[in-house]
Amino acid sequence: WKVYIVDEVHMLSTPASNALLKTLEEPPAHVVFVLATTDPQKVLPTIRSRTQHFEFRLIGPEVLVDLLRDINQEAALGVPVEAIDLAVRRGRGSARDALSVLDQVAAAGMEDDEPAFGEDLIEALAERDVGRALAAVAEGIGLGRDPRRLAEELLAHLRNAFLAVMARSLVDLPDDAAVRVEEQGRRIGPAGLTRAMDAIGDALTDMREALDPRVSLEVAIVRIARPDTDPSPAALLERVERLERSGGGGGGGGGGERAAAVPSEEPQPRSAPAGAGEARKALGGVKKTRPAAPRAATVAPTPRPAVAEAPPEPGRVPSRDELTAVWADVLLPRLAPKTRAIYAAGRWVDGPSDGAAFALPNEVHRTRAEKHRADVESTLTDHFGGRLPLTLVVDDGQITGTPAPAAHDDDVVDPGELSDAPPGLTSPEDRLKQAFPGAEEVVQ
């Protein structure tokens, strides 16, 4: 037998691939061809149709750790455990890449300090220590690393922390490293991790045209560590969540009592509870009505500080008013463009006790909306924390709810409501022939 292994076969030119195809169609009985590629879609379809496909998957971190530890022990390399963890992270599921890193560490006699940069930086972000975070960036750049590479490493650490919090099984790290990133991720919080990844992603995009890429990275890090410097809605939401966790918001505890104790004659709009309430209102949060105080009539002209509102309770079915309050500014922008265009003409109405009801102008519109109902239910579930069945009905004007919205230009038109054009109008074909003199209509 003769075995020919062609590595990266997708790099062959078209003439070379055609020549190889002839051999593959009529191979000698004692010859086996093995075509290896990391980009199979670039291989000619005629070659793919004449071969058997075997896909090699990435190796899990547990298997890589055992492999490197066995090699380290059998070869007496004396590499510390931290260096093995480094090789596993750098390998990214590839045994060859992980062994290359292990070989480099063994030859150098020590591990480099690159993982310390990422861990120190994410630890600084968890502690909201801007000075320490900027110092870590300066240290990494001082070691000769490119700002873009530092941003990519930080994004990878943030992603691992996010996955460790949301789904621990998806983290491709050894157990001890996964425990560390999970602890850091829980201190930052899901909202903070999401905003941080968005900020670093935007910084990587800005670095392509920035005069100094380091500035883009430093600005993003400051906005991550200091939400008060970021005017985005995500930063406001993170600040509200931090206030609620620390007892500064909500109707119970000291936060609500402090807001009630402020004299109405001397409003303090910059107090923490008032700021939290305004931020929640700007984000379209569910507002809970509170009974007016007995003295409200005497101080009605004077504004009073707002009280922070509570987030939606998971598993509770929201009312029609709650759905209407967050629909236009929060839920509708999250939908896909096509779904958003269809549902923009409807309104929330009173529905069943275990779900929500949404009214649409006519039956044709309701039928089209039914095809995208799953998208809307998924958005409702993400916002309210529990599955919320959605019922679509036709708005006949008799349903209890908010007034029907005015018609828009992009509303769906019912073909049954259209009337034929009066006779004598020029047809599209006639108009084309008028626009192009000498043109003839050919009927096939």
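What you are looking at is a predicted structure, and each value in this text was computed from that prediction instead of being measured.

K.L.:
Which parts of the structure should I look at to understand the pairing of strand S2 (residues 31–35)?
P.N.:
One ladder, built from 5 bridges, connects strand S1 (residues 2–6) with S2; its direction is parallel. What sits directly across from Tyr4, in S2, is Phe33. Of the crossover connections in this fold, the one passing from S1 over helix H1 (residues 14–25) to the parallel S2 is right-handed.

K.L.:
In this structure, what is going on with the environment of Arg373? I would like to understand it.
P.N.:
Residue position: Arg373 is located in helix H18 (residues 373–384). It is 8.7 Å that separates the C-alpha atoms of Arg373 and Thr391, two residues lying 18 residues apart in sequence. Here Arg373 is in contact with Tyr343, Leu390 and Leu392, once residues within four sequence places are set aside.

K.L.:
Would you take a moment to explain empty space enclosed by the protein for this structure?
P.N.:
Under the definition given, this model contains 1 cavity of 30 Å³ or more. The space that makes up the largest cavity amounts to roughly 30 Å³. Along its surface, the largest cavity is lined by Glu119, His157, Arg180, Val181 and Gln184. No other element matches the 3 residues that helix H9 (residues 175–188) contributes to the lining of the largest cavity. Class assignment of the residues belonging to the lining of the largest cavity gives a composition of 1 nonpolar, 2 polar and 2 charged.

K.L.:
Whenever I open this one, unusual backbone geometry confuses me. Can you help?
P.N.:
Among all residues save glycine, negative phi is the norm, and among peptide bonds the norm is trans. The backbone of Glu8 shows a phi angle near 50 degrees, a positive value even though the residue is not glycine. Note on placement: Glu8 falls in the loop between S1 and H1. Despite not being glycine, Arg128 has its phi angle at roughly 60 degrees, a positive value. Relative to the assigned elements, Arg128 resides in the loop between helix H6 (114–126) and helix H7 (130–142).

K.L.:
Could you clarify how one ought to interpret the pattern of salt bridges in this entry?
P.N.:
Think of it this way: side chains of opposite charge can pair up when their charged atoms draw near. What the rule picks out here adds up to 17 salt bridges. Close ionic contact of Lys42 with Asp39 constitutes a salt bridge, the shortest N to O distance being 3.3 Å. Overall, the relative accessible area of 55% leaves Lys42 in the exposed class. For Asp321, the salt bridge goes to Arg320, with nearest N and O atoms at 3.3 Å. Its relative accessible area of 19% is what places Arg320 among the buried residues. The network of salt bridges with shared partners includes Glu363, Arg366, Glu370, Arg373 and Glu377.

K.L.:
It is not clear to me how the packing of helix H3 (residues 61–74) against helix H4 (residues 81–91) should be interpreted in this structure. Could you clarify?
P.N.:
Relative placement of two packed helices is described by the angle separating their axes and the distance separating the axes. Where H3 meets H4, the closest approach of the two axes is 10 Å, and the angle between their N-to-C directions is 135 degrees. Viewed along their axes, H3 and H4 adopt a mutual orientation that is oblique. Seen along the crossing, H3 lies across H4 with a hand that is right-handed. Packed against H3, whose contacting residues are Pro61, Leu64, Val65, Leu68, Arg69 and Asn72, the element H4 presents Val81, Ile84, Ala87 and Val88 at the interface. Each residue belonging to the contact of H3 with H4 can be placed in one class, and the counts come to 8 nonpolar, 1 polar and 1 charged.

K.L.:
How should I be thinking about the sheet that holds strand S5 (residues 390–394) in this particular structure?
P.N.:
What holds strands together in a sheet is hydrogen bonding between their backbones, with the strands either parallel or antiparallel. Ordered by their spatial adjacency, 3 strands build an open sheet running S3-S4-S5, and the pairing between neighbours is mixed. Where the open sheet ends on each side, the last strands, each with one partner, are strand S3 (347–349) and S5. Strand-to-strand twist across the sheet, computed as the mean angle between neighbouring axes with direction ignored, equals 40 degrees. Sheet topology note: the strand S4 (residues 356–360)/S5 ladder contains 5 bridges and is parallel. When the sheet's bridge partners are listed, Leu360 is paired in S5 with Val394. With respect to the sheet, helix H15 (residues 320–331) is in contact with S3 and S4, its orientation differing from that of S3 by roughly 165 degrees.

K.L.:
Just checking my understanding: could you explain helix H17 (residues 363–370) for this structure?
P.N.:
Residues separated by three or four positions in an α-helix point in the same direction, a consequence of the helix having 3.6 residues per turn. Looking only at H17, the buried set comprises His365, Arg366 and Ala369. Down the axis of H17, the buried set is contained in an arc of 100 degrees. They therefore lie on one face. Buried residues along H17 sit against helix H16 (337–343), S4, H18 and S5. Looking at where H17 begins, the residue whose side-chain oxygen comes 3.3 Å from the main-chain nitrogen of Val364 is Asn362.

K.L.:
Which parts of the structure should I look at to understand the packing of H15 against H18?
P.N.:
Closest axis-to-axis distance for the H15/H18 pair is 12 Å, and the angle between their directions is 105 degrees. Taken together, the axes of H15 and H18 lie roughly perpendicular to each other. The residues of H18 that touch H15, namely those facing Leu323, Val326, Trp327, Val330 and Leu331, are Val376, Thr379, Leu380, His383 and Phe384. When the residues that make up the contact of H15 with H18 are grouped by side-chain class, the tally is 8 nonpolar, 2 polar and no charged.

K.L.:
Could you clarify how one ought to interpret a negative patch on the surface in this entry?
P.N.:
A cluster of like negative charges, contributed by Glu62, Asp66, Asp70, Glu74, Glu82, Asp172, Asp175 and Asp176, occupies part of the molecular surface. If you list the elements that add at least two residues to the negative patch, you get H3 and H9. Top contributing element to the negative patch by residue count: H3, with 4 residues.

K.L.:
Even after reading the chapter, I still don't get the confidence of the model for the protein, so can you show me in this structure?
P.N.:
Caution applies to low-pLDDT parts of the model: their predicted coordinates are not meant to be read in detail. On average, residues of the protein carry a pLDDT of 75, and 73% of them reach 70 or more. When mean pLDDT is taken per element in the protein, S1 scores highest with 92 and helix H13 (residues 253–261) scores lowest with 38. Across residues 249–309, where pLDDT falls below 50, the model places 78 contacts with residues more than four positions away in sequence or in other chains. Note that pLDDT drops below 50 for residues 402–411; the model gives that stretch 13 contacts with residues more than four away or on any other chain.

K.L.:
Whenever I open this one, the environment of Leu24 confuses me. Can you help?
P.N.:
Along the chain, the position of Leu24 falls in helix H1. Residue classification places Leu24 among the buried residues on the basis of a relative accessible area of 13%. Taking C-alpha positions, Leu24 is 8.4 Å from Thr51, a pair spaced 27 residues apart along the chain. With sequence-adjacent residues up to four places away left out, Leu24 is seen in contact with Phe33, Leu35 and Ile47.

Conventions adopted
- Residues numbered from 1 in each chain as written.
- Predicted model: local features only at pLDDT ≥ 70, side-chain atom pairs only at ≥ 80, totals over all residues.
- Heavy atoms only, no water.
- Pairing = 2+ DSSP bridges.
- Helix = DSSP H or I, 4+ residues; strand = E, 2+ residues; numbered from the N terminus.
- Right-handed = clockwise from strand over helix to strand, strands pointing away.
- Contact = heavy atoms within 4.5 Å.
- 1 Å grid on protein atoms, 1.4 Å probe; cavity = no way out; pocket = protein on both sides within 12 Å on 5 of 7 lines; lining within 4 Å.
- Points joined across faces, edges and corners; volume = space filled by probe spheres on them.
- Nonpolar A, V, L, I, M, F, W, Y, C, P; charged D, E, K, R; others polar.
- Salt bridge = Lys/Arg side-chain N within 4 Å of Asp/Glu carboxyl O.
- Buried < 20%, exposed > 50% of the residue type's maximum accessible area, 1.4 Å probe, protein only.
- Axes fitted to C-alpha atoms, helices over the stretch in contact; angles between N-to-C directions.
- Parallel < 35°, antiparallel > 145°, perpendicular 65-115°, else oblique.
- Left-handed = near helix turned anticlockwise from the far one by under 90°.
- Arc of directions from axis to C-beta.
- Polar contact = N/O pair within 3.5 Å; in protein donor to acceptor, adjacent residues only side chain to side chain.
- Patch = residues over 30% accessible without salt bridge, like charges linked within 9 Å, V, L, I, M, F, W, Y side chains within 5 Å.
- Areas by Shrake-Rupley, 256 points an atom, 1.4 Å probe, with all protein chains shown as cover.
- Lys, Arg positive; Asp, Glu negative; His and termini not counted.
- Charge placed at Lys NZ, Arg CZ, Asp CG, Glu CD.
- pLDDT = per-residue confidence, 0-100.

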